Amino acid sequence: MQRRLQNINYLDLVLWLIRVSIIVIVVWGSIATLSDNPYSGRNWIDFIVFGIAQGSMYALIAIGYTLVYGVLFMINFAHGEFFMSGVMTATVFVAGPLSASGYLDRQPVISLLLILAVSMLTSVGVAVLTERIAYRPLRKAPRLVPLITAIGASFFLQYTFRGLYGSEVKPFPQVEALSGKIPFLGTELLESQLVVIIATVIMLVGLYLFVMRTKTGKAIRAVAEDKDVAALMGIDVDRTISITFALGAAMAGAAGVLYALVFRQVHFFMGFLPGLKAFTAAVLGGIGSIPGAAIGGLFLGIFESVGPPLFLDGLNVPAYHQLKDVIAFTMLVLILIFRPQGIIGERLAEKKA
Amino acid sequence: MNPEKKFTLRDAVNQGLIAGLITSLISMVGMVELFSKRQLIANLMTTAQVFILLAPALLSYQSARKSAKNNALASGAVTGFFASIPIIVLVLLASAFDLRQFLVNVSPNLISTLTFGQGPVVGSLILVAINTLIGLLAAILHQLDEKIRNPILTGLLWTLLVGMFSEILQERLRAFFGISFTNLIIRSKALQPTVAVILLVGITAIAYFWGQRGASFSERIANQSATQRRNMIIAQRVAFFVLLLAMPLLLGTYLSEVVNNVGIYVLMGLGLNIVVGFAGLLDLGYVAFFAIGAYVMAILTSEGFLGVAQTSFWVALPVSVITAVAAGIFLGTPVLRMRGDYLAIVTLGFGEIIRIMANSDLLKPFIGGAQGVLQIPKPSFFGTSLIQPGQLYYVVLGGVLLAWFVSTRLSNSRLGRQWMAMREDEDVAEAMGINLVNTKLLAFAIGAGFSGLSGAIYASKLTSIFPHSFNLLISINVLSLIIVGGMGSLPGVVIGSLILVGLPELLREFAEFRLWMYGALLIVMMLAKPEGFWPSAITKRELHAHDESIPIEEPAAAD
């Protein structure tokens, strides 16, 4: 007993040390940067706006993680690939030809909607197929098993799409109508970023209403609460889970198009990092909660965009932008270690562990 | 899905369409075209054709197995027939439109491979005929008695394998028996048709007679006295050890290099096997320790400007291992309270952080950033530098044997049992008085140590290391190989490495599709054979606890 207590104390001590050292680094770096003040207020607004745009995409992708985790208690590792598959397909089959024929610039709204539709449908198709083939037969298996299949599915999908469309980076055509800038608070906003933010808000609100107000949404929530009871109530659990995957993938497909609008390129590996970061966002906001995913996404986006100049510049880290992903991953690690229930979520991790 | 359901014509059609879709996917992804140049049997058959016919054959076999006895042949043929439909659709589409601007791998070459060099129309007819035939053959095979079926399958498998590796075999045969003899068997990297037939018949016959006699043979072994049996085991071990030592002589330079690569993965696999297989902690950042081992070795021994000590390999080796162990404890401590999927993601995060840090300018003055560390000397042994792969092989072998020894001793030790208890249920294990903190940390530390050892050997084998060679894919690779071999099983690690690392090195076309295959394998293994190809005895017993047909092995007498 004595020894066990000692061990726990030692562990807590280590965890506290980590916490304190991270806080010291962040505070010290921020103070150093701010006292030096190499950036103007305009720069900071730019960082924040970019962060919000980036965060919106994370939020959209994070919805998929949250929904699936809500119903299956499983981290769908392949979710980033749903995001990639949609926008890759839309770029190759729709955006490319439309841009080449000039239709994209003549009818930007119709074209973009078409691209969006193809992207979302492809993502949904891939997600439903993946669920059917790789996840459904394993629903009763130990928890590690579906996670391993999900990792397998992730790589399988990545390299399938690489095989289908080739391994090179593909350009996403520039949309003339969205290449302008809008003055805002003394700085300029890129129209594409604005579109991303507005589209995200619309989609998130729509999704929230769908889950909260419709019968299907109610079924999803019932399945998330208790699969067996839901089945007794006459809910087709398998179908509901498929719909959940489809919803998450539709959001990911949309996020893919938004990503392509901002970064204007797609490739087969593009799903990995955003997927991982969106997972961070989902955990950050409390996995299982839709508003949580939105808040987590925004928070992570802003943090990732403001963080490197704020903390690292002051510490004289050379080429600090290289460490942008380190900040995101550190955040992932810290959140999972110190607050796995997220900012506003309840503690779900232990519930079915 | 449920067994009572009758297998109808519609199911057979569905199976066929699925098979066709699988084949179309394999074609569109580019695998068929890639393998169309590798001939199996000279002028008769290429590896690509095996890939085209594999899915229809397997699923027809499935159809025949599931359907009622009297119409098994029919459903096999139906499945085969419908398997050709999606492929024909692909062929016709590709010849009508220029699909290549969208799908880069749908090339004229692929279409000509799919249609056996004939035009789309004639080719489609041939496809239908061949697929139906294959379906029928698979069904017939299924109808045969097990005593005949299994030898035929063995014969087919071995003939295909020999054909696939004929390039390597040719080189080896030449080295031992000269060109003229080799040309009788293998010419221009392909098996001669007559030899293929002889192989098929011969292996089938051997397998058949072995099947007949095998029972009496194992009976004879069972009747031996204890000393006789022990002598035989010792003789086997000695023979195996001698074979291991003589390996580079038999294999030649190229194959030794392949074996070294396999060995490095076996080392990592043995380490991860402790963490994942024994202790049940899914670690996706395992590559971090490999990287740490490699970087410590590199910096300590490098003769370039980043080297700090220019020590010898043998001094740096223990330092690398100890550093990796320390890193294992350091990174293991904060995650002690996590389990399952969260642990996997956190460790993945650690791995990525370390890779990005190694790549960044922040650490560039110490470990070279993206340019890596160069001029790492190869290990030397009493003055002779081990430059040849055949010489380096012994270093790798030593590492593997050491790790193997530690693993076997650990797996049955008190600690090993504690790990397994923890793997099954942490709460129960803790209630039984197991100190979770120490047990977990030891798993992380020992696993990291093996990985560090592997990394150190890797660094001095390659003589230069770069951060981008330590990415997540290595962790996935190692994870896949222990899953394919069987979690918690030591021979499984070797089998897994041979399949996942050795095969792709031998079939160089695979390189591009390595991860595609890994992904597919991970899914298929989890769905069909979660215990792996060579499961440990305990796992096998657990998984078949209610299966009466497999006798539960008596545990070896403890002495």
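Residues numbered from 1 in each chain as written. Chains lettered and ligands numbered in written order. Predicted model: local features only at pLDDT ≥ 70, side-chain atom pairs only at ≥ 80, totals over all residues. Heavy atoms only, no water.

S.K.: Could you give me a rundown of the overall build of chain A, with the residues and numbers involved?
M.R.: The helix and strand tally for chain A stands at 13 helices and four strands. For 353 residues, the compact-globule formula gives about 20 Å, and the C-alpha radius of gyration of chain A, at 21 Å, lands near that figure. Its C-alpha atoms give chain A principal-axis dimensions of roughly 75 × 65 × 40 Å. In chain A, buried positions account for 55% of the 353 residues. (Helix = DSSP H or I, 4+ residues; strand = E, 2+ residues; numbered from the N terminus. Rg over C-alpha atoms; globule rule 2.2 N^0.38 Å. Buried < 20%, exposed > 50% of the residue type's maximum accessible area, 1.4 Å probe, protein only.)

S.K.: Outline the pattern of salt bridges, listing residues and values.
M.R.: All names here are of chain A. One pass over the structure, following the stated rule, counts ten salt bridges over all chains. For Glu 131, the salt bridge goes to Arg 136, with nearest N and O atoms at 3.3 Å. On the accessibility criterion, Glu 131 (0% relative accessible area) is buried. Through salt bridges with shared partners, a single network forms among Glu 131, Arg 136, Arg 139 and Asp 238. (Salt bridge = Lys/Arg side-chain N within 4 Å of Asp/Glu carboxyl O.)

S.K.: Before we move on, could you go through the packing of helix H2 (residues 41-72) of chain A against helix H3 (residues 79-101) of chain A and cite the residues and values that matter?
M.R.: Residue and element names in this part refer to chain A. Running from N to C, H2 and H3 point in directions that differ by 135 degrees, and their axes come no closer than 9 Å. Regarding the angle of H2 to H3, the classification is oblique. As for the relative orientation of H2 and H3, their crossing is right-handed in sense. When H2 is examined against H3, the residues Ile 61, Gly 64 and Tyr 65 are found in contact with a partner set consisting of His 79, Gly 80 and Phe 83. (Axes fitted to C-alpha atoms, helices over the stretch in contact; angles between N-to-C directions. Parallel < 35°, antiparallel > 145°, perpendicular 65-115°, else oblique. Left-handed = near helix turned anticlockwise from the far one by under 90°. Contact = heavy atoms within 4.5 Å.)

S.K.: I'd like a description of a nonpolar patch on the surface, backed by residues and values.
M.R.: All names here are of chain B. Taken together, the side chains of Leu 73, Leu 133, Leu 136, Leu 137, Ile 140, Leu 144, Ile 148, Tyr 208 and Phe 209 make up a nonpolar region of the molecular surface, amounting to roughly 750 Å² of accessible area. Looking at the nonpolar patch, the elements with two or more residues in it are helix H6 (120-143) and helix H10 (193-223). The element that contributes the greatest number of residues to the nonpolar patch is H6, accounting for four residues. Relative to the elements of secondary structure, Tyr 208 occurs in helix H10. (Patch = residues over 30% accessible without salt bridge, like charges linked within 9 Å, V, L, I, M, F, W, Y side chains within 5 Å. Areas by Shrake-Rupley, 256 points an atom, 1.4 Å probe, with all protein chains shown as cover.)

S.K.: Explain the nonpolar core residue by residue, including any values.
M.R.: Judged by nonpolar contacts, the single largest core of 254 residues is most densely connected at A:Phe279, B:Trp419 and B:Ile465. With 16 residues, helix H10 (residues 237-263) of chain A is the single largest residue contributor to this core. Both of domain 1 (9-143) and domain 2 (260-543) of chain B provide at least three residues apiece to this core. (Core = buried A, V, L, I, M, F, W, Y, C linked by side-chain atoms within 4.5 Å. Domains from an automatic or database assignment.)

S.K.: Kindly report on the domain arrangement of chain B, identifying the contributing residues and their values.
M.R.: All names here are of chain B. In terms of domains, chain B is made up of domain 1 (9-143) and domain 2 (260-543). The interface of domain 1 with domain 2 comprises nine residues on the first partner and eight residues on the second. Taking both partners together, domain 1 and domain 2 bury about 780 Å²; carbon and sulfur atoms supply 77% of that area. Broken down residue by residue, the surface that domain 1 buries against domain 2 is led by Met 31, Leu 34 and Arg 38, which jointly contribute 57%. On the surface where domain 1 and domain 2 come into contact, there are zero salt bridges. At the boundary of domain 1 and domain 2, one finds zero residue pairs in polar contact (both at pLDDT 80 or more). When contributions to the side of domain 1 that touches domain 2 are tallied by element, the ones reaching two or more residues are helix H1 (9-29) and helix H2 (31-35). In terms of residue class, the side of domain 1 that touches domain 2 is made up of seven nonpolar, one polar and one charged. (Buried area = accessible area lost by both parts, 1.4 Å probe. Polar contact = N/O pair within 3.5 Å; in protein donor to acceptor, adjacent residues only side chain to side chain. Nonpolar A, V, L, I, M, F, W, Y, C, P; charged D, E, K, R; others polar.)

S.K.: Lay out the environment of B:Ala421 with the relevant residues and their values.
M.R.: Residues and elements named next belong to chain B. Tracing the sequence through the fold places Ala 421 in helix H17 (residues 414-424). Placed 143 residues apart in sequence, Ala 421 and Phe 278 show a C-alpha to C-alpha distance of 9.0 Å. Beyond its immediate sequence surroundings of up to four residues, Ala 421 is in contact with Ala 429 and Ile 434.

S.K.: How would you sum up the interface of chain A and chain B? Please name residues and give values.
M.R.: Each side of the interface is counted separately: chain A has 60 residues, and chain B has 50 residues. Viewed at the interface, chain B and chain A are joined by zero salt bridges. Across the contact surface, chain A and chain B share one residue pair in polar contact (both at pLDDT 80 or more). Tallying contributions element by element places helix H6 (residues 144-165) of chain A first for the side of chain A that touches chain B, with 16 residues.

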